[in-house]
Amino acid sequence: MKKLLAVLFILFATTLSFAQAQAHKLTMDRGFFTTDYTIDGQEVDGDAFERELTNVPEAISKWNTGNTMRYISWGAAFGGGFLLGYGIVEGSGYQAPDSYKIKLIAGGAIIVVAMIIEHIGNSKKDSAVDIYNREIGRITGNDSVNLSIVPTEQGGIALAFNF
């Protein structure tokens, strides 16, 4: 029994020494075609950036909502572009029906709505980074113990104790 308790104590102590979260500063610079992600001034890929966001549940929730809105806007923009292009092709004929004007207007309107949805999704992702930067210091700097399950860089999960 003493050996079991000693092993559990050593396991607990080593887990505490390796699982303490560090407060990082995340930044995201959105370009026209690409986005640069940095953690503490060091450029990382998007997956590492998202893994770090998982340390704050509210931040990753907003991030995922922003990603969902982004993908919805891409689908809507594709549909609106297809409708716009089809209306242009249909209207370019000699005796074009009047329905091509409706397709042009509807396609253009769908594209504008998709751009608005994309902007809202981007603002949600920006607010997720702000929430992370504000909350991570509070999570690691408080005087209570916080127990959480976090993803590892190798794709697994780990039990993390924050003090």
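Owing to the predicted nature of the structure, the values given are computational and were not obtained by experimental measurement.

K.L.:
Before we go on, may I ask you to explain the overall build of the protein chain in this structure?
P.N.:
Across its full length, the protein chain carries four helices and five strands. Walking the protein chain from its N terminus toward its C terminus, one meets helices and strands in the order α-β-β-β-α-α-α-β-β. Per-residue burial over the protein chain gives 25% buried out of 163 residues. Contacts in the protein chain between residues at least 24 apart in sequence constitute 54% of all its contacts with a sequence separation of at least 6. Of the roughly 10,900 Å² of accessible surface on the protein chain, 64% is carried by carbon and sulfur atoms.

K.L.:
Looking at this structure, how should I read unusual backbone geometry?
P.N.:
A positive phi angle is found at Asp40, which is not glycine, with a value near 55 degrees. The topology assignment puts Asp40 in the loop between β2 (35-39) and β3 (42-44).

K.L.:
What exactly am I supposed to notice about the environment of Arg51 here?
P.N.:
Its place among the elements puts Arg51 in helix α2 (residues 46-53). In sequence terms Arg51 and Glu153 are 102 residues apart; their C-alpha atoms lie 7.7 Å from each other. Apart from residues lying up to four places away in sequence, Arg51 is in contact with Pro151, Thr152 and Glu153.

K.L.:
Would you mind going over the pattern of salt bridges with me for this structure?
P.N.:
Pairing is possible between side chains that carry opposite charge, provided their charged atoms lie close to one another. Following the criterion strictly, the structure yields three salt bridges and no others. Residue Arg30 pairs with Asp126 through a salt bridge whose shortest N-O separation is 3.2 Å. Here the residue Arg30 occupies a position in strand β1 (residues 26-30), and Asp126 occupies one in helix α4 (residues 99-141), the gap between them amounting to 96 residues. Given a relative accessible area of 35%, Arg30 falls into the partly exposed group. Residue classification places Asp126 among the partly exposed positions, given a relative accessible area of 31%. The salt bridge partner of Arg134 is Glu135, with a shortest N-O separation of 3.6 Å.

K.L.:
What am I meant to see in the packing of aromatic side chains here?
P.N.:
Where two aromatic rings form a pair, the distance of their centres and the angle of their planes describe that pair. Going through the model one piece at a time under the given rule, you end up with six aromatic pairs. Residues Tyr37 and Trp63 carry aromatic rings whose centres are separated by 6.2 Å and whose planes lie at 65 degrees to one another, so their mutual orientation is edge-to-face. Here Tyr37 is found in strand β2, whereas its partner Trp63 is found in helix α3 (residues 57-91), with 26 residues between them in sequence. The two residues Tyr37 and Trp63 agree in class, both being buried. For the ring pair Tyr71 and Trp74, a centre distance of 5.4 Å and an interplane angle of 65 degrees mean the geometry is edge-to-face. Within this pair, Tyr71 and its partner Trp74 are both found in helix α3, separated by three residues, close to a single helical turn. A relative accessible area of 49% places Tyr71 in the partly exposed class. Taking NZ or CZ as reference, Lys125 lies 4.5 Å from the ring centre of Trp63, over its face.

Parameters at a glance
Residues numbered from 1 in each chain as written. Predicted model: local features only at pLDDT ≥ 70, side-chain atom pairs only at ≥ 80, totals over all residues. Heavy atoms only, no water. Helix = DSSP H or I, 4+ residues; strand = E, 2+ residues; numbered from the N terminus. Buried < 20%, exposed > 50% of the residue type's maximum accessible area, 1.4 Å probe, protein only. Contact = heavy atoms within 4.5 Å. Areas by Shrake-Rupley, 256 points an atom, 1.4 Å probe, with all protein chains shown as cover. Salt bridge = Lys/Arg side-chain N within 4 Å of Asp/Glu carboxyl O. Phe/Tyr/Trp six-rings, centres within 6.5 Å; stacked < 30°, edge-to-face > 60°. Lys NZ or Arg CZ within 6 Å of the ring centre and 35° of its normal.

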